[in-house]
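This is what each chain is made of:
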Amino acid sequence: MHDSHAPTPDLAEDAVMGNGLPHRLRRRSHLVGMVRGSPARVNLRPLPWLGTCILRLATRHGILKHGAPMKPVPDAEVQRAYRVRITLFLIGVFLVVFLLAVLYRGISTLNALDQVERERDVWQRPGDGVEALALKDGNVVVDLGSGVGHFALKLSPVVGKHGSVVAVDILKEPLLFLSIRAFLRNQRNLHTIHGQPDNPRLQTGSSDAVLIANTYHEFTQAKPMLDHVFQSLKSGGRLVILDHELRSARTESREIGPQHHEVAAELVEAETRRAGFEIISHQDRFIDRPNDEHVWWLIVAQRP
Ligand SMILES: C[S@@+](CC[C@H](N)C(=O)[O-])C[C@H]1O[C@@H](n2cnc3c(N)ncnc32)[C@H](O)[C@@H]1O
């Protein structure tokens, strides 16, 4: 008789001879698992020819090997493919989590900006600043140092769909947020320019008005900036500068301005004149809030 523990010469033959499956396979194979789990349903004895066929096919296609467990051991290629799939899956999960985090941060920032700007609308008199630009429908207006577009977004409906707002900033991130905000508000007449600290990269004679709000104090190279603004304006075009200085001590030199986020109106007026502008008006106390250590001033100038 055949010893079921010993290696069999041909597994298929075992089935034909009515020995069933070898003991080793009973322990390890799926087939034997089925035989164990439901012997009545998967008994091969009444159908020896079927068992033979299955086992012959399995042996021929390498699923079942002599002396080897039925569960196929993954070879190097299978393992590599498995590793690739796991890696791709993990990269996919990482990308989804990353994109969700970016989306969440973006939406939070947009909400926070709206909230801050609603508060600024109450005290900063943005309507009066915009009015000083004397804009007409169809005009081209520049918001120089636009940031995320507190003023640029207000200027858009003033010049209408035949006009345009050119928002310039030296930082790309605020310009990206501005573009998203303009898109969400369907303000299609707003364009952005990534400027340089000494050059806003505006076209010569292209603009009707330029606004520099809360930005002049950050200019590190005011003279070339004013020269470029002058060149970009049409004759009669307006330049409106809104900024602030310390209530207590007047800024003496240009270096102090950017460092302390303030600049003296007198200094800016002198620089504007030197660049060739005519001063139309100068309000020293445009915004004067008792609890604010800064006083906001407004200068309106024009290219002759
Ligand atoms: C304090 S924020 C004011 C933004 C906006 N005007 C407002 O009132 O909300 C000043 C902005 O000016 C930009 N800026 C500084 N120097 C600049 C330059 N030379 N040309 C263009 N933008 C400049 C800064 O990147 C910043 O976004």
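Below, the structure is looked at part by part. Predicted model only: the values in this text are computed from it and were never measured.

1. Topic: helix H8 (residues 172-184)
Move 1: Look at H8: 18 Å from first C-alpha to last across 13 residues, which is about the 18 Å you get at 1.5 Å a residue.
Move 2: Regarding H8, the residues found buried are Leu175, Leu178, Arg181 and Ala182. Buried residues of H8, seen end-on, are gathered within an arc of 120 degrees and therefore sit on one face of the element. Among the exposed residues of H8, those oriented more than 90 degrees off its buried face are Lys172, Glu173, Phe183 and Leu184.
Move 3: Taken from the residues just after H8, asparagine 186 is the one with a positive phi, measuring 60 degrees.

2. Overview of the sheet that holds strand E3 (residues 190-194)
Move 1: Ordered in space as E3-E2-E1-E4-E5-E7-E6, the 7 strands form an open sheet in which the pairing is mixed. With partners counted over all chains shown, the strands left at the sheet margins are E3 and strand E6 (278-287), one partner each. Direction aside, the axes of adjacent strands within the sheet are offset by 15 degrees on average.
Move 2: As paired strands, strand E1 (residues 140-144) and strand E2 (residues 164-169) are joined by 5 bridges and run parallel to one another. Within E2, the position partnered with valine 141 by the bridge is valine 165.

3. Focus: the site of the ligand
Move 1: Inspection of the region around the ligand gives 20 residues, with Gly145, Gly147, His150, Asn214 and Glu218 positioned closest.
Move 2: Class assignment for the residues of the shell around the ligand results in 11 nonpolar, 7 polar and 2 charged.

4. Here we look at the pairing of strand E4 (residues 207-213)
Move 1: Of all 7 residues in E4, 7 are buried, a share of seventy percent or more.
Move 2: Alignment of E1 against E4, held across 3 bridges, turns out to be parallel. From the neighbouring strand, valine 142 faces E4, where its bridge partner is valine 210.
Move 3: As paired strands, E4 and strand E5 (residues 233-246) are joined by 6 bridges and run parallel to one another.

5. Details of the nonpolar core
Move 1: Val141, Val210 and Leu211 are the most contacted members of the largest nonpolar core, which has 51 residues in total.
Move 2: Considering each element in turn, this core owes the most residues, 6 residues, to strand E7 (residues 294-302).
Move 3: Residues contacting valine 141, with those up to four places away along its chain left out, are Leu133, Leu135, Leu155, Val159, Val165, Ser207, Asp208, Ala209 and Leu211.

6. Here we look at the environment of glycine 276
Move 1: Among the structural elements, glycine 276 can be located in the loop between helix H11 (265-274) and E6.
Move 2: Placed 49 residues apart in sequence, glycine 276 and aspartate 227 show a C-alpha to C-alpha distance of 8.4 Å.

7. Section: unusual backbone geometry
With the exception of glycine, the majority of residues adopt a negative phi angle, and the majority of peptide bonds are in the trans configuration.
Move 1: A positive phi is found at arginine 125, a non-glycine position, where the angle reads about 50 degrees.
Move 2: Within the secondary structure, arginine 125 sits in the loop between helix H5 (76-123) and helix H6 (126-131).
Move 3: The phi dihedral of asparagine 186 is positive, around 60 degrees, even though this residue is not glycine.
Move 4: Here asparagine 186 is to be found in the loop between H8 and E3.

8. Some remarks on the environment of serine 146
Move 1: Position of serine 146 among the secondary structure elements: in the loop between E1 and helix H7 (152-159).
Move 2: If we skip the residues at most four places from it in the chain, serine 146 touches Phe151, Ala152, Ala167, Val168, Asp169 and Leu178.

Criteria and thresholds
Residues numbered from 1 in each chain as written. Predicted model: local features only at pLDDT ≥ 70, side-chain atom pairs only at ≥ 80, totals over all residues. Helix = DSSP H or I, 4+ residues; strand = E, 2+ residues; numbered from the N terminus. Expected span 1.5 Å × (residues − 1). Buried ≥ 20, exposed ≤ 12 C-beta atoms within 10 Å, placed from the backbone. Arc of directions from axis to C-beta. Pairing = 2+ DSSP bridges. Axes fitted to C-alpha atoms, helices over the stretch in contact; angles between N-to-C directions. Near = placed C-beta within 6 Å. Nonpolar A, V, L, I, M, F, W, Y, C, P; charged D, E, K, R; others polar. Core = buried A, V, L, I, M, F, W, Y, C linked by C-beta atoms within 7 Å. Contact = placed C-beta atoms within 7 Å.

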